[in-house]
Amino acid sequence: MSTEEHPIQIPNSTARPLELTDDFSPGETNFIKVDNFKFFYGKKEALHGINLEIPSRRVISFIGPSGCGKSTLLRNFNRMNELIPGVRHEGDITIHGTSIFDPSVEVIALRRRIGMVFQKSNPFPMSIYENIVYPLRIAGQGDRSVHDETVERCLCSAALWDEVKDRLHDSALGLSGGQMQRLCIARAIASSPEILLMDEPCSALDPIATAKVEELIIELKKDFTIVIVTHNMQQASRVSELTAFFYLGNLVEFDETRKIFTNPSKLQTEEYITGRFG
């Protein structure tokens, strides 16, 4: 996938989209690299020198008790934390070897490459169709045929097409909670990102809707690198291949999910997995 597929032009801007190397081979090179990354909310240090390397087209779960820094790190991948006054960072995060904090990297373009799905589904108060094409419209793509193709492709990818194809122009607010969350996933992939960030995407869903979203996550990893924050350790064990355990702003352990849950290297990880704290 190349940046030329969906170029973003910002008038009077000297910044450039995040550049991706042509010789990158998914699964062979570390895709996201977190290098001694520290993050501060004012004087409070929320992340303490995180080092982490994430391969392409895998599902990675961030687990740990509330307030341990997992969502903070997730939101740094698309620089969303910069919307909070008084924050700062040290260290670096690179994607394909390019720092996301490079002054020449265009933040809007970066966020276009990195889709985000939040804990609470947030469909726009417009039709199902318009929810999907909204990212295309703001990027200047007005071709109706492109819109139609994108809507069908993304809703199919989100396992929602058969449920809504006859009411595309109805309000998205009329969907069930699980359908709304899958619509938000469909909207997130409409701009063809490479990375999907999911912050507790199933916490507000019932077990049936959760199962559908989990099935979708497993299917989507064929095309996307997915990083998911979850308090549900069973969910992490079901959907992810790699798991990172965070505690008090530190990355305690990062390994294959099976090893994390059956034979962790750190006593602290074992105590959390077995429910001794958290």
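Residues numbered from 1 in each chain as written. Predicted model: local features only at pLDDT ≥ 70, side-chain atom pairs only at ≥ 80, totals over all residues. Heavy atoms only, no water.

Draft legend 1. Examining the confidence of the model for the protein chain more closely. Averaged over every residue, the pLDDT of the protein chain is 88; residues scoring 70 or more account for 89%. Mean pLDDT across the elements of the protein chain bottoms out in helix H2 (residues 107-113) (89) and peaks in strand E9 (residues 242-247) (98). Contacts for the low-pLDDT stretch residues 1-29, under 50 throughout, to residues beyond four places or in other chains number 51 contacts. (pLDDT = per-residue confidence, 0-100. Helix = DSSP H or I, 4+ residues; strand = E, 2+ residues; numbered from the N terminus. Contact = heavy atoms within 4.5 Å.)

Draft legend 2. How the structure looks around the side chain of Thr72. Here Thr72 is to be found in helix H1 (residues 70-76). Residue class for Thr72 comes out buried when judged on its relative accessible area of 12%. In this structure, Thr72 is in contact with Phe39, Tyr41, Ala46, Leu47 and Asn81, ignoring residues within four places of it in sequence. (Buried < 20%, exposed > 50% of the residue type's maximum accessible area, 1.4 Å probe, protein only.)

Draft legend 3. Region of the structure containing the packing of aromatic side chains. Under the defined criterion, the tally for this structure stands at 7 aromatic pairs. Geometrically, the ring pair formed by Phe37 and Phe101 is stacked, given 5.9 Å between the ring centres and 10 degrees between the ring planes. Taken together, the residues span a long stretch of sequence, with Phe37 in strand E1 (residues 30-41) and Phe101 in the loop between strand E5 (98-99) and H2 at a distance of 64 residues. Phe101 matches Phe37 in its accessibility class, with the two residues each being buried. Taking the centre distance of 5.0 Å and the plane angle of 20 degrees together, the rings of Phe245 and Tyr272 count as stacked. One end of the pair, Phe245, is in strand E9; the other, Tyr272, is in helix H10 (residues 267-273), and 27 residues separate them in sequence. Relative accessible area serves as the criterion here: at 4%, Tyr272 is assigned to the buried category. In textbook terms, an aromatic cluster arises when at least three aromatic residues are bridged by ring pairs, as seen for Phe37, Phe39, Tyr41 and Phe101. A cation over a ring is seen here: Arg187 above Phe124, with NZ or CZ 3.9 Å from the ring centre. (Phe/Tyr/Trp six-rings, centres within 6.5 Å; stacked < 30°, edge-to-face > 60°. Lys NZ or Arg CZ within 6 Å of the ring centre and 35° of its normal.)

Draft legend 4. Looking closely at helix H4 (residues 144-157). Spanning 14 residues, H4 covers 20 Å between terminal C-alpha atoms, matching the ideal 20 Å at 1.5 Å per step. Every buried residue belonging to H4 is among His147, Thr150, Val151, Cys154 and Leu155, and all of these are buried. All buried residues of H4 fall inside an arc of 115 degrees around its axis, so they share one side. If you follow the buried residues of H4, they end up packed against helix H3 (128-138), helix H5 (161-164) and helix H6 (177-188). Phi for Ala159, located one or two positions after H4, is positive at around 55 degrees. (Expected span 1.5 Å × (residues − 1). Arc of directions from axis to C-beta.)

Draft legend 5. Here's a closer look at the sheet that holds strand E3 (residues 59-63). Pairing in this open sheet of 6 strands is mixed, and the strands run E6-E7-E8-E3-E9-E10 from one edge to the other. With one partner strand each, in any of the chains shown, strand E6 (114-117) and strand E10 (250-256) form the two edges of the open sheet. Each strand axis lies, on average, 15 degrees off the axis of its neighbour in the sheet, ignoring direction. In this sheet, strand E7 (residues 195-199) lies alongside E6 in parallel orientation, the contact comprising 4 bridges. In the strand pairing of E7, Gly115 is matched with Leu196. Here H6 sits on the sheet in contact with E6 and E7, set at roughly 170 degrees to E6. In the packing of helix H7 (residues 207-220) onto the sheet, the strands contacted are E3, E7 and strand E8 (225-229), and the crossing angle to E8 comes to about 145 degrees. (Pairing = 2+ DSSP bridges. Axes fitted to C-alpha atoms, helices over the stretch in contact; angles between N-to-C directions.)

Draft legend 6. Representation of the pairing of E9 in the model. Taken across its 6 residues, E9 has 5 buried, putting it largely inside the fold. In this sheet, E9 lies alongside E3 in parallel orientation, the contact comprising 4 bridges. Across the sheet, the residue bridging to Ile63 is Phe245, located in E9. Here E9 hands over to E10 after 2 residues, with Leu248 in that stretch at a positive phi of 50 degrees.

Draft legend 7. Fine view of the pattern of salt bridges. Under the definition given, this model contains 13 salt bridges. Note that Arg182 and Glu163 form a salt bridge whose closest N and O atoms lie 3.0 Å from each other. Taken together, the residues span a long stretch of sequence, with Arg182 in helix H6 and Glu163 in helix H5 at a distance of 19 residues. Taking relative accessible area as the criterion, Arg182 reaches 4% and is therefore assigned buried. A relative accessible area of 31% places Glu163 in the partly exposed class. (Salt bridge = Lys/Arg side-chain N within 4 Å of Asp/Glu carboxyl O.)

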